[in-house]
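Examination of the molecular architecture
Residue strings, one per chain:
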Amino acid sequence: MAQIYTSATSPEVAQSVAAFVLKHQDEALAKSGTFKIAVSGGSMGKVLKAGLVDNAAAAGKVQWDKWEVFFSDERLVPLDHADSNYGLLQESVLKYITGAKPKVHTIDASLLTGKDGQLEGADEAKDEAIARAYADILPQDLKVDLVLLGCGPDGHTCSLFPGHALLKETEKTIALIRDSPKPPPRRISFTFPVLAKAGAIAFIAEGEGKAPVIDQIFNDKLSQLPCKLVNDLGVPVAWFVNDAALTGISVPASKY
Ligand SMILES: O=C(O)[C@H](O)[C@@H](O)[C@H](O)[C@H](O)COP(=O)(O)O
C-alpha cells in the first residue's frame, strides 16, 4: 500500500519532497554512481525549485552532475514551447543550476511535425519514431531509481488517462498517445511496464481540489484510476500532499 505524507504548507511539502529525493539520490549514487530520476509536468517544477534550488540546506547536497533525468510523459511540442515538460523543468529548475548540469533526456525534437502537439498536419510515423527513440534511451534494465508523478483531478498520471487503452499496454515501455483527453493531444508516456520496474515512485498532489480523487484512490478498493493502479504495482509508492489535499476525507497520513 502507498504511504501518504502530509504537511501544512506548500514550502513544507517541497522540503519533504527534497529530503525524499536526496535519500534516493544518495542510495543510487552509493550503488551505481548515477541517479536516474523521472519527472513530469504540472506544478512539479515549482516544487523541485522550492525544495532543491531555493532551499539552501538541500541545495548543497544535490549532486546534479550525477543525475540522469527522464520525462515520465512529454508533449510532442518544441522543447521551448509552453506545453513542453522539458521546457517547464528548464525554466523552473535547470536554468538555476550554476555548476555542472544533469544529463537530461529530451524527446528528439528534430522528428517533430505538425504544430503545438495538435493532430493536424502531424506525421504519425514520425510520432511513433519519437516514442521508439525515447524507449531506446531508457536504462537497459528499465530501472529508473525514482519516478516523480503528478495526479490529475481525474486520477490520470503520466499521460495514462482513466479508461484509456494504454492502461492495458504490456509490451511497450514508452507509448505514443495521439488522443489525450487533455490538450495537447499528441504525447508520449511511460507505461505500466516501465513504472513497475521503478526503484520507487512518489506522487506530489496539493490543494483542496485533489481531495475527491485522493479519496477515491485510497478508499475505493475497486477503483481503476491510473494513480490507484500505480499504487498497486508493488513498487514502494509515497504521496507528498498538503493538508488541503486531504480536506474532508479520511486516509492514513503521517509527517515525512
Ligand atoms: O498531463 C497533463 O496535462 C498535466 O500536466 C498533468 O499530468 C499534471 O501533471 C497533473 O494534472 C497534476 O497537476 P499538478 O502538478 O498541477 O497537481
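Here we summarise the structure given alongside this text. (Residues numbered from 1 in each chain as written. Predicted model: local features only at pLDDT ≥ 70, side-chain atom pairs only at ≥ 80, totals over all residues. Heavy atoms only, no water.)

1. Notes on the site of the ligand
In the neighbourhood of the ligand, the contacting residues comprise Gly41, Gly42, Ser43, Arg75, Cys151, Gly152, His156, Lys182, Arg187 and Lys210. Within the contact set of the ligand, an oxygen atom lies 2.8 Å away from a side-chain nitrogen or oxygen of Ser43. One nitrogen or oxygen atom from the side chain of Lys182 is found 3.2 Å from an oxygen atom belonging to the ligand. In the complex, 85% of the free accessible area of the ligand, which totals 410 Å², lies under the protein chains. Assessed atom by atom at 2 Å from the grid points, the ligand resides in the largest pocket. Counted by class, the shell around the ligand contains one nonpolar, five polar and four charged residues. (Near = heavy atom within 4 Å. Polar contact = N/O pair within 3.5 Å; in protein donor to acceptor, adjacent residues only side chain to side chain. Areas by Shrake-Rupley, 256 points an atom, 1.4 Å probe, with all protein chains shown as cover. 1 Å grid on protein atoms, 1.4 Å probe; cavity = no way out; pocket = protein on both sides within 12 Å on 5 of 7 lines; lining within 4 Å. Sits in = over half its atoms within 2 Å of the grid points. Nonpolar A, V, L, I, M, F, W, Y, C, P; charged D, E, K, R; others polar.)

2. Remarks on unusual backbone geometry
Here the bond from Pro183 into Pro184 is cis, since omega is -5°, no more than 30 degrees from zero. Position of Pro184 among the secondary structure elements: in the loop between strand 7 (174–177) and strand 8 (187–190). Positive phi is not limited to glycine here, since Leu142 has a value of about 65°. Locating Leu142 in the fold gives a position in the loop between helix 5 (124–137) and strand 6 (146–150). Phi angles above zero are rare outside glycine, and Cys158 is one such case at about 50°. Position of Cys158 relative to the elements: it lies in the loop between strand 6 and strand 7. Classification of Cys158 as buried rests on a relative accessible area of 5%. (Helix = DSSP H or I, 4+ residues; strand = E, 2+ residues; numbered from the N terminus. Buried < 20%, exposed > 50% of the residue type's maximum accessible area, 1.4 Å probe, protein only.)

3. As for empty space enclosed by the protein
Per the counting criterion, the structure on display carries one cavity of 30 Å³ or more. In this structure, the largest cavity occupies an estimated 60 Å³ of space. Ile37, Val39, Leu48, Leu52, Trp64, Trp67, Val69, Leu89, Val93, Leu94 and Pro102 are the residues that line the largest cavity. (Points joined across faces, edges and corners; volume = space filled by probe spheres on them.)

4. A closer look at the layout of surface pockets
Of the volumes computed, that of the largest pocket is approximately 410 Å³. Looking at the largest pocket, it is lined by 23 residues, and the ones nearest its centre are Gly41, Gly42, Ser43, Gly150 and Cys151. Of all elements in the fold, only helix 2 (44–53), strand 4 (73–75), strand 6 and strand 9 (200–205) reach the threshold of two or more residues within the lining of the largest pocket. Across the lining of the largest pocket, the residue classes tally to eight nonpolar, nine polar and six charged. Reported here for the second largest pocket is a volume of approximately 210 Å³.

5. Topic: the environment of Gln3
Inspection of the secondary structure assignment puts Gln3 in strand 1 (residues 3–7). Take Gln3: its relative accessible area is 34%, and that puts it in the partly exposed class. Along the backbone, Gln3 and Pro236 are 233 residues apart, and their C-alpha atoms lie at a distance of 8.4 Å. Setting aside residues no more than four positions away along its own chain, Gln3 makes contact with Val237, Ala238, Trp239 and Ser254. (Contact = heavy atoms within 4.5 Å.)

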